[in-house]
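Next come the chains, spelled out residue by residue.
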Amino acid sequence: MDSYIVPDDLQQSSHHAGGEHGHDEEGNKMFGFIVFLLSESVIFLSFFAGYIVYKLSTPNWLPPGISGLEVKEPAINTVVLVASSFVIYLAEVALKRHDLRMFRIFLTTTMVMGGYFLVGQAIEWSNLEFGFTSGTFGGMFYLLTGFHGLHVLTGIILQLIVLLRSFVPGNYDNGHFGVNATSLFWHFVDVIWIVLFIMLYIWQ
Amino acid sequence: MTNIPIDRLDLPVEKPNHGHGSGGGWKEYFSFSTDHKVIGIQYLVTSFIFFLVGGIFAMILRGELITPESDLVDRTVYNGMFTMHGTVMLFLWTFPSLVGLANYLVPLMIGARDMAFPRLNAAAFWMVPVVGILLMASFFVPGGPAQAGWWAYPPVSLQNPTGHLINGQVIWLLAVAISGVSSIMGAVNFVTTIVKMRAPGMGFFRMPLFVWAVFSAQIIQLFGLPALTAGAVMLLLDLTVGTGFFNPTNGGNPVMFQHYFWFYSHPAVYVIILPIFGIFSEIFPVYARKPLFGYKVVALSSILIAVVSAIVWVHHMYVSGTPAWMRMVFMLTTMLVSVPTGIKVFAWVATIWGGKIRLNTPMLFALGGLIMFVFAGIVGIMLSSVPVDIHVNNTYFVVGHFHYVLYGTVTMGMYAAIYHWFPKMTGRMYNEGWGKVHFWLAFIGTNLNFLPMHPLGLQGMLRRVASYAPEYEGWNIVASLGAFLLGMSTLPFIFNILVSWMQGEKAPDNPWRAIGLEWLVASPPPVENFEEIPVVISEPYGYGKSEPLVAEAHSHQH
């Protein structure tokens, strides 16, 4: 029996004491994606740490002529973004029930809400009286919101891909890695924003 | 027959060699292969080529320093050379060569057919030559390559005398960023592979110590590298669009960059050295014919080093206006690293002690590396202490110390690994005589080269200078001659490897009579690694014990 190679489906179900032999590709992908997100969160943490140190050690923190940031519009933006996390969760639930129609509706809604957030931020940027090069504050503000905005855009692109893939028959019959990863990414982007909102707009 | 009996007292030297390599011959190494073994060798060969490039820079630097005057190369060329020497040796030699070795070995050692994400793996590799080409291309832009040293401290790194947007420093930052992306992709892959793809029966405490070391090192990559990336992005913005993060003229704080930089770049030392510790732990038991002393403690000490590594970075900044209380805290945390490290050294000595030692080339390199590491470690503890560090800060004492780590330990350890696994990788034996010539030239060269840097530093010779006071000349001549000897020591290695790879004696599957899953497969291993995924039923390193390592094949458990 030396030449006998274990069939993949047998290997998938095997979990021996301590070690797992994995051709459980969906599981590996999800694990890898979570590891990646943890690493990604350290970039944000590094920027946050920088922001906090700069803010605490800079005597004239805000650029001349600026008394503070307007909170109202960003607050509405925040509510929309947080709500969209629930909507994408509903999309996942719909997919688990094999309800592709509702899945697409919820996913599209999430994308629209994400788009609303991005447009809101663009409008805010265009109205601000300071720029990227306005000292440490200006740099930090645009770096943080810009880097986060890039993540929102990435999230929307991922959602679009996941949505288009749902039109290929059979794609989401069993494995949902793409959907789960997109959803997890969106929650991640959301949590980062909540921290950012508190740091930039509340703690002035 | 499904049992693979391994009597540990009498390990089989030879099995019928049915290995057929990874298939496509030498052309495969120039293709986008997703086989972890091909990628491993691609990494090893590419990084070795860059090692030679970095070595040529070092020869030029030591040529300049043989006389007190700056007379061999232009100042800006000299600055570019030492910047590129450091950058190439770190980002294009030590990191990728160890990733290459880990790529080759980890799936074999844990009984997997490949890495978790083979295409990601290949993509991560192909970024390495891109980084190399970018860095080398920077010699040809106006103003030449980056000149601020490998650590790129602002405000020096913010100077742009040419006024061009594309300048050496910008290229340097982009190259480092790409190398960072490649490393993160690799780290995600390694961590997933090790956690999710181990053969049945291989619990965490049955993993070979090299795998433990790679696992710990890659966790540091995941949580340290993003900080460097953050700092590099901010520096790039300062340099190109004129933001004020680190630029004092725009309200920025240059010391902040040092925090970002060292938060990663000190732990990066452990990213490099942990796999070398793993290599030592693989090699000593085999050539001393004894089980590794204190396996579990040695395994956990790698994780402990990874954890402590996150809280030591300020010891690079004792003279950067760091408050006294902070210096004290980081002096203590830095010294704490010596505890898990000392555990390892103790375990290796206890393993070798009373063993039946065979002084083959891998063992010689491992022993030489260990001796030089102990020296580097003692000097490291001196440097962690605030008063000593303030005295020798930015002198050749520091240069001597980290070259004992990076050449004396890391590069010697890499050589040990290459010789040890060469028969497995190529199916051929290397030439033992040339191997020993290589070792002695390298060992003598390393000490001649880097030992004199310690007295030079204590006397006050600064690092990165092209000219120096005449009283430093004597030791500099010794160091330069040592450097040339060290450079020459590479030649027998290249000769040996090339000739042996082409026409060396055919290697048996297990020439060292070693324990470990990688030695159960043919030399070189077949594409699929294992015909049947083995079931591991005992702990590693059981030399002189009689239980088998692997039981019947996995399929028969069902």
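Since the model is a prediction, treat every value here as computed from it, not as a measurement.

> Whenever I open this one, the overall build of chain B confuses me. Can you help?
Helices and strands together make up the secondary structure of chain B, namely 16 helices and two strands. A compact globule built from 558 residues should have a C-alpha radius of gyration of about 24 Å, and chain B, at 23 Å, falls within 12% of that. Across its three principal directions, the C-alpha atoms of chain B cover 75 × 50 × 45 Å. Taking all 558 residues of chain B together, the buried fraction comes to 62%. Within chain B, counting contacts between residues at least 6 apart in sequence, those at least 24 apart form 82% of the total. Summed over all atoms, the accessible surface of chain B reaches about 19,500 Å², with 71% contributed by carbon and sulfur. Each charge class in chain B can be summarised by its mean position, and for the 26 positive and 25 negative side chains these summaries are 6 Å apart.

> What is the right way to read the side chain of Thr333(B) from this model?
Residues and elements named next belong to chain B. Here threonine 333 shows up in helix α9 (residues 324-336). In terms of polar contacts, threonine 333 uses its side chain to reach the backbone carbonyl oxygen of phenylalanine 330, at 3.1 Å. With residues up to four places along the chain from it excluded, the contact list for threonine 333 reads Val308, Ile311 and Val312.

> Teacher, can you tell me more about the environment of Phe50(B) here?
Residues and elements named next belong to chain B. You can see phenylalanine 50 is positioned in helix α1 (residues 36-64). Under the relative-accessibility criterion, phenylalanine 50 is labelled buried at 11%. In sequence terms phenylalanine 50 and leucine 92 are 42 residues apart; their C-alpha atoms lie 6.1 Å from each other. Beyond its immediate sequence surroundings of up to four residues, phenylalanine 50 is in contact with Val88, Leu92 and Gly132.

> I'm lost on the pattern of salt bridges in this one. Help?
Should their charged atoms come close, side chains of opposite charge can pair. Residue and element names in this part refer to chain B. For the structure shown, the criterion picks out three salt bridges over all chains. As a salt-bridge pair, aspartate 35 and lysine 37 come within 3.3 Å of each other at their nearest N and O atoms. Looking at aspartate 35, the relative accessible area reads 9%, which means it is buried.

> Can you walk me through the packing of aromatic side chains in this structure?
One pair of aromatic rings is described through two measures. These are the centre distance and the angle between the planes. Residue and element names in this part refer to chain B. Inspection of every chain in the model, using the stated rule, returns 70 aromatic pairs over all chains. Aromatic side chains phenylalanine 439 and phenylalanine 443 sit 5.5 Å apart centroid to centroid with 25° between the ring planes, which places their arrangement in the stacked category. With a gap of four residues between them, phenylalanine 439 and phenylalanine 443 both fall in helix α14 (residues 432-450), about one helical turn apart. Under the relative-accessibility criterion, phenylalanine 443 is labelled buried at 17%.

> Would you explain the side chain of His85(B) in this entry?
Residue and element names in this part refer to chain B. Positionally, histidine 85 belongs in helix α2 (residues 75-110). Note on histidine 85: relative accessible area 15%, which makes it buried. If near-sequence neighbours (up to four positions away) are discounted, histidine 85 is found in contact with Gly54, Phe57, Ala58, Leu61 and His403.

> So what exactly am I meant to see when it comes to the confidence of the model for chain B here?
Residues and elements named next belong to chain B. Residues of chain B with pLDDT of at least 70 account for 94%, and the chain-wide mean is 92. In the predicted structure, residues 1-10 sits below a pLDDT of 50 and forms 29 contacts with residues beyond four places in sequence or in another chain. Every residue in residues 14-22 scores below 50 in pLDDT, and together they form 25 contacts with partners more than four places removed in sequence or on other chains.

> Would you take a moment to explain the packing of α1(B) against α2(B) for this structure?
The description of two helices packed together rests on the angle between their axes and the distance between the axes. Residue and element names in this part refer to chain B. Axis separation between α1 and α2 bottoms out at 7 Å; the angle between their running directions is 155°. Taken together, the axis directions place α1 and α2 in an arrangement best described as roughly antiparallel. Of the two possible hands of crossing, α1 and α2 adopt the one that is left-handed. Here the residues of the contact of α1 with α2 sort into 25 nonpolar, nine polar and two charged.

> Is there a simple way to explain a nonpolar patch on the surface in this structure?
Where nonpolar side chains cluster on the molecular surface, the patch consists of Leu150(A), Leu153(A), Ile157(A) and Ile161(A) and spans about 360 Å² of accessible area. Along the chain, the position of Ile157(A) falls in helix α5 (residues 135-165).

> Please clarify how the nonpolar core should be interpreted in this entry.
Ranked by internal contacts, the top residues of the largest apolar core, which has 222 residues, are Phe103(A), Leu101(B), Phe210(B), Met234(B), Phe246(B), Ile279(B) and Trp421(B). Counting residues per element, this core draws most heavily on α2(B), which supplies 21 residues. Once residues lying within four places of it in the same chain are set aside, the contact partners of Phe210(B) are Leu101(B), Ala102(B), Leu105(B), Val106(B), Met109(B), Pro275(B), Gly278(B), Ile279(B), Glu282(B) and Tyr541(B). Val379(B), Leu383(B), Val392(B) and Phe397(B) belong to the second largest nonpolar core, which has five residues in total.

> In this structure, what is going on with unusual backbone geometry? I would like to understand it.
Backbone geometry follows two general trends: most residues other than glycine have a negative phi, and most peptide bonds adopt the trans configuration. All names here are of chain B. With an omega of 5°, the peptide bond between proline 154 and proline 155 qualifies as cis. Mapped onto the secondary structure, proline 155 falls in the loop between α3 (118-137) and α4 (168-196). In this structure, the amide linkage connecting serine 523 to the following residue, proline 524, adopts the cis form with an omega of -10°. Mapped onto the elements of the fold, proline 524 is located in the loop between α16 (473-503) and β1 (535-536). A positive phi angle, close to 50°, is found at arginine 289, a residue other than glycine. Looking at where arginine 289 falls in the secondary structure, it is placed in the loop between α7 (267-288) and α8 (295-308).

Reading guide: rules and limits
Residues numbered from 1 in each chain as written. Chains lettered and ligands numbered in written order. Predicted model: local features only at pLDDT ≥ 70, side-chain atom pairs only at ≥ 80, totals over all residues. Heavy atoms only, no water. Helix = DSSP H or I, 4+ residues; strand = E, 2+ residues; numbered from the N terminus. Rg over C-alpha atoms; globule rule 2.2 N^0.38 Å. Buried < 20%, exposed > 50% of the residue type's maximum accessible area, 1.4 Å probe, protein only. Contact = heavy atoms within 4.5 Å. Areas by Shrake-Rupley, 256 points an atom, 1.4 Å probe, with all protein chains shown as cover. Lys, Arg positive; Asp, Glu negative; His and termini not counted. Charge placed at Lys NZ, Arg CZ, Asp CG, Glu CD. Polar contact = N/O pair within 3.5 Å; in protein donor to acceptor, adjacent residues only side chain to side chain. Salt bridge = Lys/Arg side-chain N within 4 Å of Asp/Glu carboxyl O. Phe/Tyr/Trp six-rings, centres within 6.5 Å; stacked < 30°, edge-to-face > 60°. pLDDT = per-residue confidence, 0-100. Axes fitted to C-alpha atoms, helices over the stretch in contact; angles between N-to-C directions. Parallel < 35°, antiparallel > 145°, perpendicular 65-115°, else oblique. Left-handed = near helix turned anticlockwise from the far one by under 90°. Nonpolar A, V, L, I, M, F, W, Y, C, P; charged D, E, K, R; others polar. Patch = residues over 30% accessible without salt bridge, like charges linked within 9 Å, V, L, I, M, F, W, Y side chains within 5 Å. Core = buried A, V, L, I, M, F, W, Y, C linked by side-chain atoms within 4.5 Å.

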